[in-house]
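Architecture at a glance
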Amino acid sequence: MATLGPVKFLTVHCAATPEGRNVTHEQITAWDKAKFGQTSYHWVIELDGSMHRTLRDDQKGAHVGRANTGNIGICYIGGMDKAMKAPKDTRTDAQKKSLLTLIRTYKARHPALVIRGHRDWPRVNKACPSFDVKAWLAETGD
């Protein structure tokens, strides 16, 4: 597996799974390996807020096309409405708390870290992570 390189970015993703469906980090990893031939994210946050490391920080993921070097990927379960018709911020309070914990941990280790939602990368035409990461962090004071 390729190495990550110096950490410069952190990208927030959603799993694009229906609101309330309990999908595990093992399922996400299996789907990614089937689609990309490797694990995509460094962390997956399940509905109950549990944080699961799926890649070491020195391993390069497959979560932002052409921009995975130096980029930590965090994925929360959810991101779609129950009918799978529209993107929706489905984060539970526990997921929000865990996501903020991970972001703060990485910011403390890497003060110049740039934090983005997947949709905020150039040439990305999707709603992922189904909320505005920059606005949310501003609301939290981060």
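To keep things clear, this report deals only with the structure shown in the data block. (Residues numbered from 1 in each chain as written. Predicted model: local features only at pLDDT ≥ 70, side-chain atom pairs only at ≥ 80, totals over all residues. Heavy atoms only, no water.)

The next thing to look at is the pairing of strand S7 (residues 114-117). The side-chain alternation of S7 yields one buried face, formed by Ile-115 and Gly-117, and one unburied face, formed by Val-114 and Arg-116. Where strand S1 (residues 9-14) meets S7, four bridges bridge the pair, whose relative direction is parallel. Its bridge partner lying in S7, Thr-11 is registered against Arg-116. (Buried < 20%, exposed > 50% of the residue type's maximum accessible area, 1.4 Å probe, protein only. Helix = DSSP H or I, 4+ residues; strand = E, 2+ residues; numbered from the N terminus. Pairing = 2+ DSSP bridges.)

This paragraph deals with the layout of surface pockets. Considered as a void within the structure, the largest pocket measures approximately 430 Å³ in volume. Lining the largest pocket are 19 residues, with Asp-32, Lys-35, Phe-36, Tyr-41 and Lys-126 positioned closest to its centre. Going through the elements one at a time, S1 and helix H1 (25-36) are the ones with two or more residues in the lining of the largest pocket. For the lining of the largest pocket, the element with the highest residue contribution is H1, accounting for five residues. For the lining of the largest pocket, the residue count by class is ten nonpolar, six polar and three charged. (1 Å grid on protein atoms, 1.4 Å probe; cavity = no way out; pocket = protein on both sides within 12 Å on 5 of 7 lines; lining within 4 Å. Points joined across faces, edges and corners; volume = space filled by probe spheres on them. Nonpolar A, V, L, I, M, F, W, Y, C, P; charged D, E, K, R; others polar.)

At a minimum axis separation of 12 Å, helix H2 (residues 93-109) and helix H3 (residues 133-140) run at an interaxial angle of 90 degrees. As judged from the angle between their axes, H2 and H3 are roughly perpendicular. Contact residues: H2 offers Lys-96, Leu-99, Leu-100, Ile-103 and Arg-104, while H3 offers Trp-136, Leu-137 and Thr-140. Its residues placed into classes, the contact of H2 with H3 shows five nonpolar, one polar and two charged. (Axes fitted to C-alpha atoms, helices over the stretch in contact; angles between N-to-C directions. Parallel < 35°, antiparallel > 145°, perpendicular 65-115°, else oblique. Contact = heavy atoms within 4.5 Å.)

Quick look at the side chain of Thr-17 now. Along the chain, Thr-17 turns up in strand S2 (residues 17-18). Among the residues examined, Thr-17 registers a relative accessible area of 4% and is labelled buried. Ignoring any residue separated from it by four or fewer positions in sequence, one finds Thr-17 in contact with Val-23, Trp-31, Ile-77, Gly-78, Gly-79, Met-80 and Met-84.

Let's shift gears to the packing of aromatic side chains. What characterises a pair of aromatic rings is the spacing of the ring centres plus the angle enclosed by the ring planes. By the definition in use, this model includes three aromatic pairs. Judged by centre distance (4.9 Å) and plane angle (65 degrees), the ring pair of Phe-9 and Trp-121 falls under edge-to-face. On the criterion of sequence distance, the pair formed by Phe-9 in strand S1 and Trp-121 in the loop between S7 and H3 is long-range, its members being 112 residues apart. For Phe-9, a relative accessible area of 21% translates into the label partly exposed. Ring plane angle 85 degrees and centroid distance 5.7 Å describe the contact between Phe-131 and Trp-136, whose orientation is recorded as edge-to-face. Judged by its relative accessible area of 7%, Phe-131 is buried. Every member of this aromatic cluster is reached through a ring pair, and the members are Tyr-76, Phe-131 and Trp-136. (Phe/Tyr/Trp six-rings, centres within 6.5 Å; stacked < 30°, edge-to-face > 60°.)

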